[in-house]
Amino acid sequence: MKHLFTLLFVLLLLFSCDDGPKKSYKPASIGAINTVGVVISNDLWEGPVGDKLREYFAAPVVGLTWDEPIFSLEQMPQKVFTGTTRHRRAVLFVDLDTVNVAHVKTDLYATPQEIGVIKGRTQEEIIENIETSAEEIIEAITAMELKETQKRFLRSLNKEKILEEKFGVTLSLPSIYKLGKQEDNFVWIDREIQKGSMNIIAYEIPWSGLSNDSTFVTDFIRMRDSIGKKYIPGPDVLNKITYMTTEDAFAPYFFTTEIDGRRTIEARSIWDMENFPMAGPFATFIMDDEKNNRKLVVEGFTFAPATNKRDYMFELEAIIRTIKFE
């Protein structure tokens, strides 16, 4: 009997120690938002391969007032890519090798982390792999950067319930943003920045609004301009009315995306101020809400003269993409 108890104890001890697969520890990743470390030799970086990388990964962001790259690229040779440098959140690893591959590695050295690996036996193969894999890598890094930006909001959230009360939606809004204006069908939230402001506006339109494909662009511009004229005045100017409009020198870019599982039209371009020299980028998201027989329109726009605006607009997009419908 004594031996039986001993055997049972040993078996219990063994089973209690077997908690399934062991999870290896990954340190938290580091790096500025939308900054990508490019691990590549100086020779490749300064030649056609580097030019092709910059063509795709430093392409201009759509809808800004001047050219800014989608990612800031920081080149480094392989010998530098050791220790904590491997903990960078976004990485491109490009090299001549005996294999011809292009893929994305997730959380390889840290978390969250996306590493785009592009290799080829010749420079021509590397360039071809960049052309075929760049979109996938850019999407993976961008999605990660949006989540990382949203995670940082959680440190201090605004407890304002105005969007929930008016439109039946919630979103993760950093506490630095404040309610600026509210009307029956309009809410304006903003934050001051060093040289201007970052803004979010929200309103709803009927379900049938903006439904005609053949006139969608003109109807969209007419809608924005009517909202600007009614709710977004500019500075006082003697004998002149000032209000936000859509800059007619730049045709808006339109994309189809998804927010909270709902089909969403995304529009990007430049706004300006009627009768006053002010302008800046905007990103409008028109979300289907068939259940409530409406479309919800939420827009982020920035006023920041003589200042880069990429990261401001990225933050506004990250906020808007946290919207949840009741």
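Definitions and limits used
Residues numbered from 1 in each chain as written. Predicted model: local features only at pLDDT ≥ 70, side-chain atom pairs only at ≥ 80, totals over all residues. Heavy atoms only, no water. Axes fitted to C-alpha atoms, helices over the stretch in contact; angles between N-to-C directions. Helix = DSSP H or I, 4+ residues; strand = E, 2+ residues; numbered from the N terminus. Parallel < 35°, antiparallel > 145°, perpendicular 65-115°, else oblique. Contact = heavy atoms within 4.5 Å. Nonpolar A, V, L, I, M, F, W, Y, C, P; charged D, E, K, R; others polar. Pairing = 2+ DSSP bridges. Core = buried A, V, L, I, M, F, W, Y, C linked by side-chain atoms within 4.5 Å. Buried < 20%, exposed > 50% of the residue type's maximum accessible area, 1.4 Å probe, protein only.

**Regarding the packing of helix H4 (residues 123-153) against helix H7 (residues 310-320)**
In contact at an axis separation of 9 Å, H4 and H7 are set at 80° when each is read in the N-to-C sense. One finds that H4 runs roughly perpendicular with respect to H7. Touching Thr-142, Glu-145, Leu-146, Thr-149, Gln-150 and Phe-153 of H4 are Phe-314, Glu-315, Glu-317, Ala-318 and Ile-319, all from H7. Class assignment for the residues of the contact of H4 with H7 results in five nonpolar, three polar and three charged.

**Overview of the sheet that holds strand S5 (residues 114-120)**
If you walk across this open sheet you meet the five strands as S2-S1-S3-S5-S4, and the pairing is mixed. Each end of this open sheet is capped by a strand with a single partner; those strands are strand S2 (72-76) and strand S4 (101-106). Taking the axes of each pair of neighbouring strands and ignoring which way they run, one obtains an average angle of 20° across the sheet. In this sheet, S5 lies alongside S4 in antiparallel orientation, the contact comprising six bridges. Residue pairing in the sheet places His-103 in a bridge with Val-117 of S5. Packing of helix H3 (residues 48-57) onto the sheet brings it into contact with strand S1 (35-39), S2 and strand S3 (90-96), and relative to S3 it is tilted by some 155°. Contacts between H4 and the sheet are confined to S1, S3, S4 and S5, with S5 contributing the most and set at about 175° to the helix.

**Thoughts on the nonpolar core**
The biggest cluster of nonpolar side chains holds 32 residues, and the ones touching the most others in it are Leu-163, Met-287, Val-298 and Ile-323. Secondary-structure elements contributing two or more residues to this core are H4, helix H5 (162-167), strand S8 (186-193), strand S9 (196-206), strand S13 (276-289), strand S14 (294-303) and H7. For this core, the element with the highest residue contribution is H7, accounting for six residues. Discounting residues that sit within four places of it in the chain, Leu-163 has contacts with Gly-168, Val-169, Leu-171, Val-187, Ile-189 and Ala-202.

**Some words on the pairing of S1**
Where burial is concerned, most of S1 is hidden: five out of the five residues are buried. Both S1 and S2 contribute to a ladder of five bridges, which runs parallel. From the neighbouring strand, Val-39 faces S2, where its bridge partner is Met-76. Note that S1 and S3 share three bridges and pair parallel. From the neighbouring strand, Val-38 faces S3, where its bridge partner is Leu-92.

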